Amino acid sequence: MPIKVLDPKVVSRIAAGEVVERPASVVKELVENSLDAGSSQVSIEVEGGGISLIRVIDDGSGILPAELGLAFERYATSKIDNLSDLESISSLGFRGEALPSIAAVAEVGITTCAKGEQAGSYLTLKDGVTIKKGSYGRPQGTTVTVRNLFRKLPARLKFLKSPVTENSHIASTVSQYALAFPEVKFNLVIDARPSLRTPGSGKLLDSIAQVYGLEIAQNMLEVKGLGEGSESLGPQVTGMVGTPEVSRSSRSYLSFFVNRRPVNSRLLIWAVEEAYHGLLMTGKHPVAIINLALSPSRVDVNVHPTKLEVKFQNERLVFGTVQKAVRQTLISGMPVSKVGEVKAKFVTMPQPRQIVWTETGTIERRRLSGRVSPTPKISLPVLRILGQFEGAYIVAEGPDGLYLIDQHAAHERILFEKIKQQRSQQKMEVQGLLEPVTFEVSPQQAETLKLYANHLAEFGFAIEPFGDRTYLVRSVPALVDQKDWAMVLRELLDSLAEESSLDLGEKIAISLACHGAVRAGQGLTDDEMRQLLRTLEQVTIPNTCPHGRPTMIYLSTRQLKKEFGRV
Ligand code: ADP
Ligand code: MG
C-alpha cells in the first residue's frame, strides 16, 4: 500500500498518547518499521545510552522517493487505510505516528532505496522540519539515524536514568524482537561493543541461546500445538518453555508474543505460571517464550499508544489454551526418558488453589478445601535391584518394566535437592578441617573469590585472605570429600567466573552436587545401590539431574515384548 495520511475518522479511533518516552521507545519503533518492511537483517547501533545516537539499518522493502516526505507526516501510514482495517491489524505499526514523533524530539536522517528502484533518496529533519533532501545511492533497505534525542526537552532528559540503564532497556527491547523473529538476523552494537547477534536461522532455540545463553537453551522444551477442544476458536500456541531446573527469581524471563508482537500480559503470565504449579519452588519463575497466533480480529492491539498491551476477545479461552499447552509440554517433557512409548507416572495430591472466573470475566485464585486433582510430583515405583552395569548404571526391575539408572546423575539430583533444602533452612552441614589449610588461586580465581566469598560461606566454605593470592580454608561443605575439596573449590571458582544466566546459589548448588556425587565407574555394593534408590524415591524430580539430563531410562514390559516380536 502507498503511504497516505489517514482519514480523521480513523485517526479519532486510534489510542493516542506518548510514543517516545525514552531511547528504547525509539529503538522499538524503528525496529518495528524494519520488521514490517520484511527485512531479513536489522542492525542497531547506539551511543551514549541512545541519547547521542540510535541508528537502525535494514534490508527491507524501502520507501519510494516520492513517499519519503509523507512518512514523516502525522498519521501517514502504508499499513492501514480505513476503519475496518483497524479491526484486524497484522503489522506491528499502524498509526503513522512514530517517525513524526521521533523527528519532533531529535535530529533525524533517513536514507532509503525501495525494492526494484534504481535510485534511493535521503531526508534530514531538525525539530520536525525537513532541512535537506535529495537522491542517494544505496542498496535496497532503509537506514534511520537519530541524534541528540530530547535535546530540546531538558526536563525529559533529566528524567532519564543513566546511560547504562537506558542501554539495558534497549538491549532488552531488541532481545524481545530477536526472540519473536528468529528468522531475522539482529545485530545490536552498544558504544561500539557487540551486544547481541542472532543468526537468523529461523530456529527459536538459536535466538534463545544468544539472548539467554547456552545453559538456558539446553534446558528448553518445545511447546507444540493447541490446547484441547479449542482448535477452531482458540489461539495456536507455540514457543519454548524452560524445565523447572532453569527457573529464575524474577519474571523477566517470560516473553509473550501475540501474532509476533511483544506484549505485556498479566493474563498470559498467570496462565504460564499456573502450568508450572507444583514444579517450582516458591519465589521462582519459569523461563518461557510463548507465541500466540490467532485471528487479528480476535485481539485488539489498539488499546495503548505503545502497543504493548492487548485485549483478547475471549480471555478465558486464551488463558486455558496457553495453560494446557504449557502443562502438556512440561508433563510430556519431564517424566522418565523412555525407550519407545511409556506413560508418565504421577501421584495425586490435593491441589490447594483453583482458577475461578468471576462474574465480571476476570480470573481469581481461590483456596479450595478437599478437592483433589493431579499434581506432577513424579514418583518412582518400588524397584528391585538386579545389578550394576559398567560400574555406572544400576539395573532394576519395576512393576511394569526395566529401569536403567545413571548412578552419577541420580546421586547429583539427590545432593542438589538436599543442598537447596539445607540452604533454604539455613542448616548447611559443614565440615571443619582438622587444621586450616592454605589455598592458592589464580588472579582470576582471586577476583571471583573476593566477589563471592560471602555466598561461598553460606554453603559452608569458610575462607580468609592470607597474603597474596593465598587463602586459609577452615571449613568446607560436609558433602564434599575431605580429600577433594581443593579441586572442588577450584572448579567452583572457575564456573562462577563463567558468564551465565543461572542464579548464583543455583550454580553453586549444581557444582557442589556434581562434585559430591558418586562417579561413573565407581563400584557400588547392593546396599549402596539400594540406599541410592531409596533416597531418589524421596526427591521432587527424580527423573532428571540438575543439568536437566535424564537420571534413568525405562523400558516397559510391553515395549520389550514388542521388540522381541511377542505381541
Ligand atoms: P507506521 O509504522 O505506524 O505506519 P511510522 O511513522 O512508523 O508509522 O512510519 C510511517 C511509514 O513509513 C510506514 O507506514 C512505512 O510505509 C514507512 N516506513 C517507515 N520505516 C520504514 C522502513 N524501515 N522500511 C520501509 N518503510 C518504512
Ligand atoms: Mg511504525
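Described below are features of the structure shown in this document. (Residues numbered from 1 in each chain as written. Chains lettered and ligands numbered in written order. Predicted model: local features only at pLDDT ≥ 70, side-chain atom pairs only at ≥ 80, totals over all residues. Heavy atoms only, no water.)

**Some words on the overall build of the chain**
Quick note on the threshold: Going along the chain from the N terminus, every DSSP run of H or I of four or more residues is numbered as a helix, and every run of E of two or more is numbered as a strand. Think of it in three bands: with a 1.4 Å probe and only protein chains considered, a residue is buried below 20% of the maximum accessible area for its type, exposed above 50%, and partly exposed in between. Note on contacts: a residue pair qualifies if any of its non-hydrogen atoms lie within 4.5 Å across the two residues. Only the protein chains shown count as cover for residues, with accessible areas throughout obtained via the Shrake-Rupley method and a probe of 1.4 Å.
Within the chain, the regular secondary structure consists of 16 helices and 29 strands. With 567 residues in all, the chain has 49% of them scored as buried. Nonlocal contacts in the chain, meaning residues at least 24 apart in sequence, comprise 69% of its contacts between residues at least 6 apart. Summing over all exposed atoms, the chain offers an accessible surface of approximately 27,600 Å²; the carbon and sulfur share of this is 51%.

**Section: the pairing of strand β2 (residues 41-47)**
Filter applied, for reference: Here a strand pair is declared whenever DSSP counts at least two bridges between the two strands.
Residues V42, I44 and V46 point to one face of β2 and are all buried, whereas Q41, S43, E45 and E47, pointing to the other face, are not buried. Relative to strand β3 (residues 53-58), β2 runs antiparallel, the two sharing six bridges. Residue pairing in the sheet places E45 in a bridge with R55 of β3.

**Observations regarding unusual backbone geometry**
With a phi close to 50°, N148 is a non-glycine residue in the positive phi region. Positionally, N148 belongs in the loop between β8 (141-147) and α5 (154-159). A positive phi angle, close to 75°, is found at R260, a residue other than glycine. Relative to the elements of secondary structure, R260 occurs in the loop between β13 (254-258) and β14 (261-263).

**Some details on the packing of helix α2 (residues 23-36) against helix α6 (residues 163-180)**
The line we're drawing: Axis lines are fitted to C-alpha atoms, over the contacting stretch for helices. Their N-to-C directions set the angle, which ranges from 0 to 180 degrees. Angle categories are assigned with fixed cut-offs, so that under 35 degrees is roughly parallel, over 145 is roughly antiparallel, 65 to 115 is roughly perpendicular, and the rest are oblique. In a left-handed crossing the near helix is turned counterclockwise from the far helix by less than a right angle, and in a right-handed crossing that turn is clockwise. Think of it as three bins: nonpolar holds Ala, Val, Leu, Ile, Met, Phe, Trp, Tyr, Cys and Pro, charged holds Asp, Glu, Lys and Arg, and polar takes everything else, Gly as well.
One way to put it is that α2 packs onto α6 with a least axis distance of 8 Å and a crossing angle of 25°. The pairing of α2 with α6 is recorded here as roughly parallel in orientation. Along this stretch, α2 crosses α6, giving a crossing that reads as right-handed. Residues P23, A24, V27, K28, V31, E32 and L35 of α2 lie in contact with α6, whose contacting residues are E166, H169, I170, T173, V174 and Y177. A per-class count over the contact of α2 with α6 returns eight nonpolar, two polar and three charged.

**Remarks on the environment of K133**
With respect to the helices and strands, K133 occurs in strand β7 (residues 129-136). The spatial distance from the C-alpha of K133 to the C-alpha of S121 is 7.5 Å, given a sequence separation of 12 residues. Ignoring any residue separated from it by four or fewer positions in sequence, one finds K133 in contact with Y122 and L123.

**A look at the environment of S255**
Keep this limit in mind: We define a polar contact as two N or O atoms separated by no more than 3.5 Å, with the added condition that, inside protein, one atom must be a possible hydrogen donor and the other a possible acceptor, whereas residues neighbouring each other in sequence contribute only through side-chain atom pairs.
As for its placement among the helices and strands, S255 is situated in strand β13. Distance in space between the C-alpha atoms of S255 and L179 is 8.3 Å, their sequence separation being 76 residues. Among residues more than four places away in sequence, those in contact with S255 are Q176, L179, Y212, A288, I289 and I290. Engagement of the side chain of S255 in a polar contact is seen with the side chain of Q176, the distance being 3.0 Å.

**So, the nonpolar core**
We count it as follows: To define a nonpolar core, start from buried Ala, Val, Leu, Ile, Met, Phe, Trp, Tyr and Cys residues and group those joined through side-chain atoms within 4.5 Å. Start and end positions for the domains come from either an automated domain assignment or a database one.
Ranked by size, the top nonpolar core spans 59 residues in total, and within it L30, L35, I44, F72, V146, F186 and I208 carry the most contacts. Two domains each provide a minimum of three residues to this core, namely domain 1 (8-197) and domain 2 (213-334). Excluding residues that lie within four positions of it along the chain, L30 makes contacts with I54, V56, L99, I102, V144 and V146. Core analysis: the next-biggest nonpolar cluster, separate from the first, contains 39 residues, L221, A271, A288 and V322 among them.

**Considerations on the sheet that holds strand β27 (residues 462-465)**
Taken together, the three strands give an open sheet; going across it, the order is β26-β28-β27, and neighbouring strands pair in antiparallel fashion. Of all strands in the sheet, those bounded by a partner on one side alone are β26 (430-440) and β27. Averaged over all adjacent pairs, the angle separating strand axes in this sheet is 15°, with direction ignored. Sheet analysis places β27 next to strand β28 (residues 470-477), joined by four bridges and oriented antiparallel. Bridging from a neighbouring strand, E464 pairs with L472 of β28.

**Considering a negative patch on the surface**
Note the following rule: Patch membership requires more than 30% relative accessible area and the absence of a salt bridge. Residues of like charge join within 9 Å; the nonpolar side chains Val, Leu, Ile, Met, Phe, Trp and Tyr join within 5 Å. Note on definitions: salt bridges are taken to be side-chain nitrogens of Lys or Arg within 4 Å of carboxyl oxygens of Asp or Glu. Counting rule applied: Lys, Arg positive; Asp, Glu negative; His and chain ends not counted. Throughout, a charge is located at the NZ atom of Lys, the CZ atom of Arg, the CG atom of Asp or the CD atom of Glu.
Negative charge collects at one region of the surface, where E215, E491, D494 and E498 lie side by side. Mapped onto the secondary structure, E491 falls in helix α13 (residues 485-497). The class for E491 is partly exposed, based on a relative accessible area of 35%.

**As for a nonpolar patch on the surface**
A surface patch of nonpolar side chains, about 330 Å² in accessible area, is lined by F389, Y393, L404 and I553. Looking at the secondary structure, you find I553 in strand β29 (residues 552-556).

**A closer look at the site of ligand 1**
Which entries qualify depends on this criterion: One heavy atom within 4 Å of a molecule or strand makes the whole residue count as near it.
Near ligand 1 there are 21 residues, and of these N33, T77, S78, K79 and G96 occur at the shortest range. A distance of 3.4 Å separates a nitrogen atom of ligand 1 from a polar atom in the side chain of T142. Relative to its unbound accessible surface of 530 Å², ligand 1 loses 95% to contact with the protein. For the shell around ligand 1, the secondary structure elements donating two or more residues are α2, β4 (76-77) and α4 (98-104). Among the elements that make up the shell around ligand 1, the one with the highest residue count is α4 (three residues). Classifying every residue of the shell around ligand 1 gives nine nonpolar, eight polar and four charged.

**A short note on the pattern of salt bridges**
What the rule picks out here adds up to 19 salt bridges. The shortest N-O distance in the salt bridge between K4 and D81 comes to 3.0 Å. Remark: D81 occurs in the loop between β4 and α4 and K4 occurs in strand β1 (residues 4-5); sequence separation between them is 77 residues. Across the salt bridge formed by E107 and R151, the nearest N and O atoms sit 3.0 Å from each other.

Take it as geometry only, folks, not as evidence of what the structure does.
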